[in-house]
Amino acid sequence: GPEKVLEYWRGPLKERDFKGENWDLEVKCTLRDSHVHVINGLDQLEVTEERKLGLASYCFEKTNEETIGITLPEAVKKTEELFAAFPDKLTEYRRLLSEARYDPTDEELLNTKRFTVNDAKLFAVDNEFPRFTHENLKVHPPSRVSRINYTLDLEGVENMTLNSKTLESFIK
């Protein structure tokens, strides 16, 4: 249920986006036509033997039609409705939104931008997955280099269509 998803959502706390008992999930979104994302640092796609890691990739499209898609404030309100029967969870959800720098006073501006999901894929991040990590980088960054970000093009990488069935299969 929604209360369990909230328990797993750790991204605003500077951890993996979602963190389960033995799995982690990073979520990436883009307005491009293809699954191309910026990876933030060498740790973001680091895999451990104890935990499996997935990457959820969403391709969004902006729409100007008022009846198509959803705005960010609308998505927030729909999610808040899921917690209506759980006041403590609603409070936690709003706290995490604040940690993620979502500001309800920006709703007027954010309500002008509507989005639809064009494509969603789930990738299993394993040793064969294309990425930079501390382990596979042959040369360690100089001491004055504090962060390495890179662009990852996932077109052609083995994946599953992202839906509730594939996601449920991944987290089990």
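Conventions adopted
- Residues numbered from 1 in each chain as written.
- Predicted model: local features only at pLDDT ≥ 70, side-chain atom pairs only at ≥ 80, totals over all residues.
- Heavy atoms only, no water.
- Phe/Tyr/Trp six-rings, centres within 6.5 Å; stacked < 30°, edge-to-face > 60°.
- Helix = DSSP H or I, 4+ residues; strand = E, 2+ residues; numbered from the N terminus.
- Buried < 20%, exposed > 50% of the residue type's maximum accessible area, 1.4 Å probe, protein only.
- Pairing = 2+ DSSP bridges.
- Core = buried A, V, L, I, M, F, W, Y, C linked by side-chain atoms within 4.5 Å.
- Contact = heavy atoms within 4.5 Å.
- Axes fitted to C-alpha atoms, helices over the stretch in contact; angles between N-to-C directions.
- Parallel < 35°, antiparallel > 145°, perpendicular 65-115°, else oblique.
- Left-handed = near helix turned anticlockwise from the far one by under 90°.
- Nonpolar A, V, L, I, M, F, W, Y, C, P; charged D, E, K, R; others polar.

Describing the packing of aromatic side chains
So, step 1. All chains considered together, the criterion is met by eight aromatic pairs.
So, step 2. With centroids separated by 6.4 Å and ring planes inclined at 85 degrees, the aromatic side chains of phenylalanine 60 and phenylalanine 115 adopt a geometry described as edge-to-face. Of this pair, phenylalanine 60 sits in strand β4 (residues 52-63) while phenylalanine 115 is found in strand β5 (residues 114-125), placing the two residues 55 residues apart along the sequence.
So, step 3. Take phenylalanine 115: its relative accessible area is 23%, and that puts it in the partly exposed class.

Section: the sheet that holds β5
In sheet architecture, strand pairing relies on hydrogen bonds along the backbone and comes in two forms, parallel and antiparallel.
So, step 1. Taken in spatial order, the five strands make up an open sheet running β1-β2-β4-β5-β7, and their pairing is mixed. For this open sheet the edge positions go to β1 (18-19) and β7 (160-161), each flanked by a neighbour on one side alone.
So, step 2. The sheet contact formed by β5 and β7 spans two bridges and is antiparallel. If you follow lysine 121 over to β7, its bridge partner there is threonine 161.

Digging into the nonpolar core
So, step 1. Among the nonpolar cores identified, the biggest contains eleven residues, and these are Ile39, Leu45, Leu53, Leu55, Phe123, Val125, Phe129, Tyr150, Leu152, Leu154 and Val157.
So, step 2. Counting only elements with at least two residues in this core, the list comes to β4, β5 and β6 (149-153).
So, step 3. Ranked by size, the runner-up nonpolar core spans nine residues in total, among them Phe83, Tyr93, Leu96 and Leu97.

Details of the environment of lysine 121
So, step 1. For lysine 121, the location among the structural elements is in strand β5.
So, step 2. You can call lysine 121 buried: its relative accessible area is 18%.
So, step 3. Non-local contacts of lysine 121, meaning those with residues more than four positions away in its chain, are made with His35, Leu55, Ala56, Ser57, Glu155, Asn159, Met160 and Leu162.

Concerning the environment of valine 47
So, step 1. Position of valine 47 among the secondary structure elements: in the loop between β3 (36-40) and β4.
So, step 2. Judged by relative accessible area, which is 24%, valine 47 ranks as partly exposed.
So, step 3. Taking C-alpha positions, valine 47 is 7.7 Å from asparagine 127, a pair spaced 80 residues apart along the chain.
So, step 4. With near-sequence residues (within four places) excluded, valine 47 lies in contact with Leu53, Val125, Asp126 and Arg131.

Some thoughts on the packing of helix α2 (residues 72-82) against helix α3 (residues 87-99)
So, step 1. The contact between α2 and α3 brings their axes to 9 Å, and the two run at 155 degrees. One finds that α2 runs roughly antiparallel with respect to α3. Judged by the sense of rotation from one axis to the other, the crossing of α2 with α3 is right-handed. Residues Val76, Thr79 and Glu80 of α2 lie in contact with α3, whose contacting residues are Leu90, Tyr93, Arg94 and Leu97.
So, step 2. The residue inventory of the contact of α2 with α3, partitioned by class, reads four nonpolar, one polar and two charged.

By themselves, these observations are geometric and do not establish any function.
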